[in-house]
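Architecture and fold: a report
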Amino acid sequence: MTAKYIMALDQGTTSSRCIIYDKQGMQISSAQREFRQIFPEAGWVEHDPMEIWSTQLEVALEALRHINAKADDIDSIGITNQRETTVVWDKRTGLPVYNAIVWQCRRTAGFCEDLKAEGLMDSYREKTGLLIDPYFSGTKLNWILEHVPDARAKAESGDLLFGTIETWLIWKLTGGRVHVTDYSNAARTMMFNIRTLKWDEEILQRLNIPVSMLPEVRPSSCIYGETDAEYFGRSIAIGGAAGDQQAALFGQTCFGEGDAKNTFGTGGFVLVNTGSNIVRSGNGLLSTIAWGIGDHVEYALEGSVFVSGAAIKWLRDELGIIQSAADTDGMARLVEDTAGVYVVPAFTGLGAPYWDPYARGGILGITRGTSRNHIVRATLESMAYQTYDLLKAIEEDMGQAIQNFKVDGGAAANDFLLEFQADILGQDVYRPVCIETTSLGAAYLAGLATGFWKSKDDIVSNWKIDRIFHPKMDEERREKLISGWHEAVARIIPGH
């Protein structure tokens, strides 16, 4: 019997999810589990890799149970993941030597300053497409080797393995038989040369990282191996992997040069496909690999903000002024505007185009009349302002306007946010029927590897518009609001 579905494992920053898709790209079943966020010190963020593994396996089994499906019904598995998060484990015991250090973690800011002081920024940027920043995996891996007892000695003797989250999950799913990463994830480590498509020996030497720890780098759409039969009753091919933002670009069918999308996830990420060209940014954006299929690699230009949807979680969990994310749309509409309030959610520093790891968040413009509705509205608006900053920087670097701007991610369900986004950009914003395009992209990559989908044309025909948001704000008001946003950002940068 021919398998009917593709399983996508979506391992995000705050939850593990599994979504099962059919050939039309429609969700058939899903399951989700949140897991702990660990904050040992200010600016430090960690996860328990074993909790990530256990929750990811649980939701995979649960999604199958929801539709009474078995392994025989699944053609293959695609994996997408929070990027840059760093796991180091003992290949003999299969146990992590330390918690996963999350992409948001800023503990290596000092080491990054040292690397910059050595004049390495230009060469690292030329090789990796990235800035020297605590965001990326390389300095996190160095920290583990330098600070975890016996880690350095074990690594030198070949007993430790490094991986970003998809590498860790593939290793666990295959019973420790396969240690791989894909081009898109390798490109986010600050150790991979995106021009030669190899781990960079000079960078590894400076970061003092043994090459024996590093996974084999393979295309984003290919058969990496098969799951151990104990997990699903029989083995299933693992056919695709990509970092979450590249997977979303693929899921949005942004296959042409100049096609762009924004994902409202824990962070906010605008990516534009640059084809076979590596576009070097003059605006603090990142040149990165979009995906590799066969022997062909495509590139992207990316702007990243560290806190987007996570600010909504902050309203719920830390401030307690909303019960759920769904409350924010209605609360924002209870007030005409923010009454001059701006929220700058720089909880772990500022990403593109500012790149200041020492900036911290602020609520500015508060008066005695400020209500929780104003703060909720200002928080939603901050997500749109950050997207505006990224898109304008990308357009300047590309030398062209971005058309057909697509959005996805959980917060893309919020109509108020997308209405305001269209107003601030002064252009249409396109929301697809499926806003979970991160997991959908992983499913597509896996299905292409097995022939479940024959070509990209099959995938393009699946993409459907839910709604187009048209701008309604006049130019004078738009410019005034954007100016106020930039003034608010300037105020939370140290020393400004």
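Structural notes, computed from the coordinates.

In terms of helices and strands, the protein chain carries 17 helices and 23 strands. Across its three principal axes, the protein chain shows a C-alpha extent of roughly 60 × 55 × 45 Å. The buried share among the 496 residues of the protein chain stands at 65%. If you take every contact in the protein chain between residues at least 6 apart in sequence, the share linking residues at least 24 apart comes to 73%. When the accessible surface of the protein chain is totalled, it reaches about 18100 Å², and 48% of it is carbon and sulfur. Measuring between centres, the 47 positive side-chain charges of the protein chain sit 2 Å from its 65 negative side-chain charges.

The tally for this structure, following the rule as stated, stands at 40 salt bridges. Measuring nitrogen to oxygen at the nearest pair gives 2.7 Å for the salt bridge that ties R17 to D10. For D10, a relative accessible area of 6% gives the class buried. Between E156 and R152 there is a salt bridge, and its shortest N-O distance comes to 3.7 Å. Taken together, the residues span about one helical turn, with E156 and R152 both in helix α5 (residues 151–156) at a distance of 4 residues. Look at the salt bridges and you will find they share partners, linking D329, R333, D415, E419, R431, D466 and R467 into a network.

So, about helix α10 (residues 244–251). A large share of α10 lies buried, amounting to 8 of its 8 residues. Taken together, the buried positions of α10 are occupied by D244, Q245, Q246, A247, A248, L249, F250 and G251. Positive phi shows up at T253, right after α10, with a value of about 55°.

Another point: the pairing of strand β14 (residues 237–243). Burial runs high along β14: 7 of the 7 residues are buried. Relative to β14, strand β5 (residues 74–81) runs parallel, the two sharing 5 bridges. When the bridges of β14 are listed, G78 appears paired with G240. Relative to β14, strand β13 (residues 221–226) runs antiparallel, the two sharing 3 bridges. Paired with E226 across the bridge in β14 is A237.

Relative to the elements of secondary structure, S184 occurs in helix α7 (residues 183–186). At 2.7 Å, the side chain of S184 and the side chain of D182 are in polar contact. Those residues in contact with S184 that lie beyond four places of it in its chain are S220, A242, G243, Q246, I289 and A290.

Moving on, we come to the environment of G138. Looking at where G138 falls in the secondary structure, it is placed in helix α4 (residues 137–147). Remark: the alpha-carbon pair of G138 and E166, spanning 28 residues in sequence, is separated by 16 Å. When residues no more than four places from it in sequence are discounted, the contact partners of G138 are T189, M191, L207 and I209.

Turning our attention to helix α13 (residues 372–398). When the terminal C-alpha atoms of α13 are compared, their 39 Å separation across 27 residues agrees well with the 39 Å that a helix rising 1.5 Å per residue should span. Counting buried positions along α13 gives 24 out of 27 residues, so the element sits mostly inside the fold. Positive backbone phi, at 70°, marks G399, one or two positions downstream of α13.

Quick look at the packing of α10 against helix α15 (residues 437–450) now. One can describe the packing of α10 onto α15 by two numbers: an axis separation of 7 Å at closest approach and a directional angle of 75°. Taken together, the axes of α10 and α15 lie roughly perpendicular to each other. Within the contact between the two elements, α10 uses D244, A247, A248, F250 and G251 and α15 uses T437, T438, L440, G441, A442, Y444, L445 and L448. A per-class count over the contact of α10 with α15 returns 8 nonpolar, 4 polar and 1 charged.

The next thing to look at is a nonpolar patch on the surface. A cluster of nonpolar side chains, contributed by M26, I28 and V433, occupies part of the molecular surface with about 240 Å² of accessible area. Relative to the helices and strands, I28 resides in strand β3 (residues 27–34).

Before going further, it helps to examine unusual backbone geometry. Here A352 and P353 are connected by a cis peptide whose omega angle stands at -5°. Tracing the chain through its elements places P353 in the loop between β19 (342–344) and β20 (362–364). The phi torsion at L197 lies on the positive side, around 60°, for a residue other than glycine. For L197, the location among the structural elements is in the loop between β10 (192–193) and β11 (198–199). The exposure class of L197 is partly exposed, given its relative accessible area of 28%. A positive phi angle, near 55°, is found at A339, a position not held by glycine. With respect to the helices and strands, A339 occurs in the loop between α12 (327–333) and β19. When its relative accessible area of 45% is taken as the criterion, A339 is described as partly exposed.

Applying the stated rule across the entire model yields 25 aromatic pairs. On the numbers, 5.3 Å between centres and 75° between planes, the contact of W53 with Y231 is edge-to-face. On the criterion of sequence distance, the pair formed by W53 in helix α1 (residues 49–66) and Y231 in helix α9 (residues 229–232) is long-range, its members being 178 residues apart. A relative accessible area of 10% places W53 in the buried class. Ring centres 6.3 Å apart and planes at 10° place the aromatic pair F416 and F420 in the stacked group. Linking F416 with F420, this pair stays in helix α14 (residues 415–425), spanning 4 residues, or about one helical turn. Like F416, the residue F420 is buried in the burial classification. Within the aromatic cluster, the residues linked to one another by ring pairs are W103, Y135, F136, F269, F306 and W355. One cation-aromatic arrangement involves K23 over F452; the distance from NZ or CZ to the ring centre is 4.7 Å.

Basis of the calculations
- Residues numbered from 1 in each chain as written.
- Predicted model: local features only at pLDDT ≥ 70, side-chain atom pairs only at ≥ 80, totals over all residues.
- Heavy atoms only, no water.
- Helix = DSSP H or I, 4+ residues; strand = E, 2+ residues; numbered from the N terminus.
- Buried < 20%, exposed > 50% of the residue type's maximum accessible area, 1.4 Å probe, protein only.
- Contact = heavy atoms within 4.5 Å.
- Areas by Shrake-Rupley, 256 points an atom, 1.4 Å probe, with all protein chains shown as cover.
- Lys, Arg positive; Asp, Glu negative; His and termini not counted.
- Charge placed at Lys NZ, Arg CZ, Asp CG, Glu CD.
- Salt bridge = Lys/Arg side-chain N within 4 Å of Asp/Glu carboxyl O.
- Pairing = 2+ DSSP bridges.
- Polar contact = N/O pair within 3.5 Å; in protein donor to acceptor, adjacent residues only side chain to side chain.
- Expected span 1.5 Å × (residues − 1).
- Axes fitted to C-alpha atoms, helices over the stretch in contact; angles between N-to-C directions.
- Parallel < 35°, antiparallel > 145°, perpendicular 65-115°, else oblique.
- Nonpolar A, V, L, I, M, F, W, Y, C, P; charged D, E, K, R; others polar.
- Patch = residues over 30% accessible without salt bridge, like charges linked within 9 Å, V, L, I, M, F, W, Y side chains within 5 Å.
- Phe/Tyr/Trp six-rings, centres within 6.5 Å; stacked < 30°, edge-to-face > 60°.
- Lys NZ or Arg CZ within 6 Å of the ring centre and 35° of its normal.

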